[in-house]
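Geometric and topological summary
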Amino acid sequence: MTMPAGEPLRTVSEQELHMKVGAYDELRHPHGYVYAKERHHWYWFAGIAASLALVGAVFWGYALYERGAAPVCSSSFVDRTISPSGGRVAEVRQVSCLGGQPDLRLVVHNSGDSAEAPAVSAFEAGTEVHLRWTSDGELAVVKQGGRVWFFKTHWKDVRVHLAQ
């Protein structure tokens, strides 16, 4: 091998040679980095951790929003009815999340549980909603005016139906 004119001859280490020609040894030089500190790209792990934390915070905020729970939402009691056996409770609450327009949410839960459960249905604010248990497993909802934002027909083993 000839050296360029004027460059003194020097001994080249195996590591330098491998790095120059791109034939690095994966066992001794993982990922082809010359210095050991280069192998640990902490910013990759920090970025992944920050992304996971952000996704977790979004899911946590959505869970609070869906349940109408503080500190994301404020709610006030509108109407409540208890099933014939007394084991279930259906409540209508006016909920305002993140300072937005309030809406009415129907929540069904067992009598000993808290009312912070996912809503069975939601209605536009100003809608008149009346509840009536026809049996322990069936709840009739009568609404007048306003729009229905969403309506689930079942909560556990309770059938919920919209009567006009």
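Up top is the structure these notes are about.
Everything numeric in this text was worked out from a predicted model, so none of it was measured.

This next bit is on the overall build of the chain. Tallying secondary structure elements over the chain gives two helices and nine strands in all. For the chain, the α and β elements follow one another from N to C terminus as α-α-β-β-β-β-β-β-β-β-β. Within the chain, buried positions represent 27% of all 164 residues. For the chain, restricting intrachain contacts to residue pairs at least 6 apart in sequence, the fraction spanning at least 24 positions comes to 32%. Accessible area of the chain: about 11100 Å², with a carbon and sulfur share of 59%.

Following the criterion strictly, the structure yields one disulfide and no others. Covalently, Cys73 is tied to Cys97 through a disulfide, its sulfur atoms 1.9 Å apart. One disulfide, between Cys73 and Cys97, carries an S-S torsion of 105 degrees and so falls in the right-handed class. Here Cys73 is found in strand E1 (residues 73-82), whereas its partner Cys97 is found in strand E2 (residues 88-97), with 24 residues between them in sequence.

Next up on the list: the sheet that holds strand E8 (residues 154-155). The sheet built from four strands is open, its strands ordered E5-E6-E9-E8 with mixed pairing. Pairing within the sheet leaves two strands with one partner each, and these edge strands are strand E5 (128-135) and E8. Sheet topology note: the strand E6 (residues 138-144)/strand E9 (residues 158-163) ladder contains five bridges and is parallel. The residue bridging Val141 from the neighbouring strand is Leu162, located in E9.

This part covers the pattern of salt bridges. The tally for this structure, following the rule as stated, stands at six salt bridges. With its nearest N and O atoms 3.8 Å apart, the salt bridge here joins Glu91 to Arg80. Placement of Glu91 in strand E2 and of Arg80 in strand E1 is noted, with a sequence separation of eleven residues between them. The salt bridge involving Asp103 is made with Arg105; its shortest N-O contact spans 3.4 Å. Per residue, the accessibility class of Asp103 equals that of Arg105, and both read buried. Residues joined by salt bridges that share partners form a network here, namely Arg80, Glu91 and Arg93.

The next point concerns the nonpolar core. Within the largest apolar cluster, 15 residues are counted, with the highest numbers of intra-cluster contacts made by Leu106, Leu131, Leu139 and Val141. Setting aside chain neighbours within four positions, we find Val141 in contact with Leu106, Phe123, Val129, His130, Leu131, Phe151, Val160, His161, Leu162 and Ala163. Membership of the second largest hydrophobic core comes to six residues, among which are Ala69, Cys73, Val95 and Cys97.

Non-glycine residue Lys156 carries a positive phi angle of around 50 degrees. By secondary structure assignment, the location of Lys156 is in the loop between E8 and E9. On the accessibility criterion, Lys156 (61% relative accessible area) is exposed.

A cluster of nonpolar side chains, namely Trp42, Tyr43, Trp44, Phe45, Ile48 and Leu52, defines an oily patch on the protein surface of about 810 Å² accessible area. Topologically, Trp42 is positioned in helix H2 (residues 42-67).

With antiparallel pairing, five strands are arranged side by side in an open sheet as E1-E2-E3-E4-E7. Bordering the open sheet on either side are E1 and strand E7 (148-151), each of which pairs with just one other strand. In this sheet, adjacent strand axes meet at a mean angle of 20 degrees when their direction is disregarded. Here eight bridges tie E2 to strand E3 (residues 103-110), and the two strands are oriented antiparallel to one another. Its bridge partner being in E3, Val92 is matched across the sheet by Leu106.

Rules behind the numbers
- Sequence positions are assigned chain by chain, starting from 1 and proceeding in written order.
- Residues qualify for local features only when their pLDDT is at least 70, as the model is predicted, and side-chain atom pairs are given and counted only at 80 or more; totals for whole chains, interfaces and linings, by contrast, use all residues.
- Working from all heavy atoms in the structure, the side-chain values ignore hydrogens and water.
- To qualify as a helix, a DSSP run of H or I must reach at least 4 residues; to qualify as a strand, a run of E must reach at least 2; elements of each kind are numbered from the N terminus.
- Categorising residues by exposure relies on relative accessible area from a 1.4 Å probe, with only protein chains included: less than 20% of the type maximum marks a residue as buried, more than 50% marks it as exposed, and the intermediate range marks it as partly exposed.
- For this analysis, residues touch if any pair of their heavy atoms sits within 4.5 Å.
- Methods summary: accessible areas were calculated by the Shrake-Rupley approach with a probe of 1.4 Å, and residue burial reflects only the protein chains presented.
- Defined by distance alone, a disulfide is two cysteine sulfur atoms within 2.5 Å.
- Paired strands, in this sense, are two strands between which DSSP finds at least two bridges.
- One speaks of a salt bridge when a side-chain nitrogen belonging to Lys or Arg is within 4 Å of a carboxyl oxygen belonging to Asp or Glu.
- Grouping buried Ala, Val, Leu, Ile, Met, Phe, Trp, Tyr and Cys residues that are joined through side-chain atoms within 4.5 Å yields what is termed a nonpolar core.
- Only residues whose relative accessible area exceeds 30% and that form no salt bridge are eligible for patches; like-charged ones are grouped when within 9 Å, while nonpolar side chains (Val, Leu, Ile, Met, Phe, Trp, Tyr) are grouped when within 5 Å.
- Axes here refer to lines fitted to C-alpha atoms; in helices the fit is confined to the stretch in contact. Angles between the N-to-C directions go from 0 to 180 degrees.

So far we have only geometry, and geometry alone does not tell us how the molecule works.
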